[in-house]
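Read off the chains here:
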Amino acid sequence: MKLAAAAQMRELDRRAIEERKIPSIDLMERAAAAVAQAALDALPDKPQKCRAAVFCGAGNNGGDGIGAARLLFLMGLKVRVFLVGDYNRLTPDAMEETGRLSECGVELEDFNPQDKAQAAWARGSQVVVDAVFGVGLSRNIAPDSKFAAAVDLINSCRKGTVIAADIASGVEADTGRVLGRAVRADRTVTFSMPKTGQFAGDGAVLSGRVTVHDIGVPAALVREVSCPVQTVEADFARAALPPRKKDGHKGDFGKVLVVGGAVGYTGAPYLTASAAVRSGCGLVYLGVPESIWEIETVRCVSAMPFPLADRRGRLSRRALPELLERLEGCGVLALGPGLGRGESVRQLVLEVLQQTEKPVVLDADGINALEGHIDILDQRRGRVTILTPHGGEFARIGGNPAGDPVGAARAFAREHGCFLVLKGHRTVTAGPEGNVLVNTTGNSGLAKGGSGDVLTGLTASLLAQGAGPVMAAAGAVWIHGRAGDLAAEALTEYCVTPEDVIAAFPRVFSELQGN
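Computed from a prediction, not measured in an experiment: that's the story for all the values here.

(A) Representation of the overall build of the protein within the structure. Counting secondary structure elements, the protein contains 21 helices and 19 strands. In summary, the protein has a C-alpha radius of gyration of 26 Å against a globular reference of 24 Å for 515 residues, a match within 12%. Dimensions of the protein along its principal axes, counting C-alpha atoms only, are 80 × 50 × 45 Å. Within the protein, the proportion of its 515 residues that are buried is 56%. Sequence-distant contacts in the protein: of pairs separated by 6 or more residues, those separated by 24 or more amount to 73%. Accessible area for the protein stands at about 20,900 Å²; split by element, carbon and sulfur atoms hold 49% of it.

Structural data, given as structure tokens:
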């Protein structure tokens, strides 16, 4: 699903109005109808027994809200409409909607933050419509303004369902960043195309359930919008699954070498190797410090552990020759889970990255080893390197995910010629060409130590089986999140463990194959 930017939406509307001669008021009426229907769907009782509070700005987004208020009134609801802004600055279409509202006997009221009766009405309403700001908002909402007071009042409405018209006020359309403060919507009724900020950053949480509604912009114009940012859905993950030869043997389905682990961190490499095995990889080898090798041999049944030279429980630079020799027989290296941090480990990671031509999935302390040595990553331009950092690891290697994870991931991947999987509530996958994929699966049950190790093994497995780096990375993120969702359905988000996620892989793969 393509995710549009604010400028693209403005251009789309302009083309519909100027080139296709669609009256702008007709677009607004259809937007208003979509918002009104969503409000109607949210009512807990008959419309005649319910009331609505509609907060509107002076722009066209406000006009959508005013139109929706009129339709809700005609459906039988008791409605009050509060203008958050200057009446004299209403756009022509918003003014037209105001006139139509007035003809029904409902007047636009000036919002007064000190008016207790207005606040009581809003807090007692079964549905609250947020149409204060649209996708054009680009600066912070002033903390002492009427706009801020309106946002705070909407967020205090616990009784009713909050529905945002096009976008939750205060969410930046292009990034998902909160501009000072923002409405927390239960549902966002967005028009023509979804926006990046509804699926990334804080906006992914504040938007609630997002539904896209056709308001009359010709489909041909929508198809012509080129978007470098898209969501990852089931169809994408399905395409990421490499085909299985009916007469294939284990050598045909990829070979992954997992290198990681340290004293006190024996679980991470085991989880990575287990995820690679469970997701279809033909052969999985596990190189660990000699100090923990016996522990891993007891745990592993399908993966094949072997000891590497260590020092004080962590891998030593002396492990390099054997590691590289083992890697020659494998297609992909998964490097980093549970490695620990230290000078010897850092040297080992950097030399491996420099010397191998093989694809590398770099995670955890493998990423941390690049701190202050990002030039080593730059030297791998043209070779496949997939980094899977969380926000803290990303910051250590020069990234700045705050506020705009999509933009930060895209900039980093392009600058360093790598594939970046920036983990978070809505994990972002960026490639060196500038395209970005935003994930749509997962839940808080995945916010546990070991979940990232599972993702690393799954990514390496798909890559080794023949998926391209973007398909392997973004497809693995979707599958990982979907497995977490299935596990949470059975166990609750509290009780999901990384092992449960791996155990749910078969159900996800079966779903993707149509079984």
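Read on for the rest.
(B) Geometry of helix H1 (residues 6-19). Given a rise of 1.5 Å per residue, 14 residues ought to cover 20 Å, and the 19 Å separating the end C-alpha atoms of H1 matches this to within 8%. Looking at the buried residues of H1, the elements they touch are helix H2 (24-42), strand E6 (187-191) and helix H8 (219-224). Following H1 by one or two positions, Lys 21 adopts a phi angle in the positive range, close to 60 degrees.

(C) Quick look at the sheet that holds strand E8 (residues 229-231). Overall, mixed pairing links the 10 strands, which are arranged E8-E19-E18-E17-E16-E15-E14-E9-E10-E11 in an open sheet. Either end of the sheet is taken by a strand with one partner, and the two such strands are E8 and strand E11 (304-308). Taking the axes of each pair of neighbouring strands and ignoring which way they run, one obtains an average angle of 20 degrees across the sheet. Pairing of strand E17 (residues 419-422) with strand E18 (residues 428-430) involves 3 bridges; the strand directions are antiparallel.

(D) Region of interest: the pattern of salt bridges. In the structure shown here, the tally under the stated rule is 23 salt bridges. Note that Glu 97 and Arg 70 form a salt bridge whose closest N and O atoms lie 2.8 Å from each other. Taken together, the residues span a long stretch of sequence, with Glu 97 in helix H4 (residues 92-103) and Arg 70 in helix H3 (residues 60-74) at a distance of 27 residues. Given a relative accessible area of 9%, Arg 70 falls into the buried group. Across the pair Asp 152 and Arg 181 runs a salt bridge, and its minimum N-O distance is 2.6 Å. With Asp 152 in helix H6 (residues 146-155) and Arg 181 in the loop between strand E5 (161-165) and E6, this residue pair connects regions lying 29 residues apart in the sequence. Exposure remark for Asp 152: the relative accessible area of 38% places this residue in the partly exposed category. Salt bridges sharing partners connect three or more residues here, namely Glu 11, Arg 14, Arg 15, Glu 18, Glu 19 and Glu 224.

(E) Inspection of the sheet that holds strand E1 (residues 51-56) at higher detail. Pairing is parallel in the open sheet, where 7 strands are placed in the order E3-E2-E1-E4-E5-E6-E7. Where the open sheet ends on each side, the last strands, each with one partner, are strand E3 (108-110) and strand E7 (209-213). Ignoring which end each strand starts from, the neighbouring axes of this sheet average 25 degrees apart. Note: E1 against strand E2 (residues 78-83), 6 bridges, orientation parallel. What sits directly across from Val 54, in E2, is Val 81. Packing of H2 onto the sheet brings it into contact with strand E4 (127-131), E5, E6 and E7, and relative to E6 it is tilted by some 160 degrees.

(F) Structural view of unusual backbone geometry. Unusually for a residue other than glycine, Ala 364 sits at a positive phi of about 50 degrees. As for its placement among the helices and strands, Ala 364 is situated in the loop between strand E15 (360-362) and helix H14 (365-368). For Thr 492, which is not a glycine, the phi torsion comes out positive at approximately 75 degrees. Residue position: Thr 492 is located in the loop between helix H19 (469-491) and helix H20 (498-503).

(G) Structural view of H6. Those residues of H6 that sit buried are Ala 148, Ala 150, Val 151, Leu 153 and Ile 154. On its buried face, H6 is in contact with E1, helix H5 (116-123), E4 and E5.

(H) Here's a closer look at the layout of surface pockets. When its volume is computed, the largest pocket comes out at roughly 1,100 Å³. Lining the largest pocket are 40 residues; nearest its centre among them are Gly 59, Asn 60, Asn 61, Gly 134 and Gly 136. Residue assignment for the lining of the largest pocket shows that the elements contributing at least two residues are H1, H2, H3 and H4. Residue contributions to the lining of the largest pocket peak at 5 residues, all from H1. For the lining of the largest pocket, the per-class residue count stands at 17 nonpolar, 13 polar and 10 charged.

(I) Representation of the pairing of E4 within the structure. With 5 of 5 residues buried, E4 is to be regarded as a mostly interior element. Of the two faces of E4, both are covered, the one formed by Val 127, Val 129 and Ala 131 as well as the one formed by Val 128 and Asp 130. Strand direction decides the pairing type here: E1 and E4, joined by 5 bridges, are parallel. Residue pairing for E4: Cys 56 is matched across the bridge by Ala 131. Here 4 bridges tie E4 to E5, and the two strands are oriented parallel to one another. Looking at E5, one finds that Asp 130 is bridged to Ala 164. Note that the unit made of E4, H6 and E5 has a crossover that is right-handed.

(J) Broad picture of the nonpolar core. Counting 52 residues, the largest nonpolar core has Leu 462, Ile 479 and Phe 505 as its most contacted members. Looking at this core element by element, the count peaks at 11 residues for H19. Contacts of Phe 505, omitting those with residues within four sequence positions, involve Ala 275, Arg 278, Ser 279, Val 454, Leu 458 and Ala 483.

(K) The side chain of Asn 443, seen in detail. Its place among the elements puts Asn 443 in the loop between strand E19 (436-438) and helix H18 (451-464). The exposure class assigned to Asn 443 is buried, which follows from its relative accessible area of 17%. Here Gly 484 takes part through its backbone oxygen, which lies 3.1 Å from a polar atom of the side chain of Asn 443. Here Asn 443 is in contact with Gly 484, Asp 485, Ala 488 and Glu 493, once residues within four sequence places are set aside.

Analysis parameters
Residues numbered from 1 in each chain as written. Predicted model: local features only at pLDDT ≥ 70, side-chain atom pairs only at ≥ 80, totals over all residues. Heavy atoms only, no water. Helix = DSSP H or I, 4+ residues; strand = E, 2+ residues; numbered from the N terminus. Rg over C-alpha atoms; globule rule 2.2 N^0.38 Å. Buried < 20%, exposed > 50% of the residue type's maximum accessible area, 1.4 Å probe, protein only. Contact = heavy atoms within 4.5 Å. Areas by Shrake-Rupley, 256 points an atom, 1.4 Å probe, with all protein chains shown as cover. Expected span 1.5 Å × (residues − 1). Pairing = 2+ DSSP bridges. Axes fitted to C-alpha atoms, helices over the stretch in contact; angles between N-to-C directions. Salt bridge = Lys/Arg side-chain N within 4 Å of Asp/Glu carboxyl O. 1 Å grid on protein atoms, 1.4 Å probe; cavity = no way out; pocket = protein on both sides within 12 Å on 5 of 7 lines; lining within 4 Å. Points joined across faces, edges and corners; volume = space filled by probe spheres on them. Nonpolar A, V, L, I, M, F, W, Y, C, P; charged D, E, K, R; others polar. Right-handed = clockwise from strand over helix to strand, strands pointing away. Core = buried A, V, L, I, M, F, W, Y, C linked by side-chain atoms within 4.5 Å. Polar contact = N/O pair within 3.5 Å; in protein donor to acceptor, adjacent residues only side chain to side chain.

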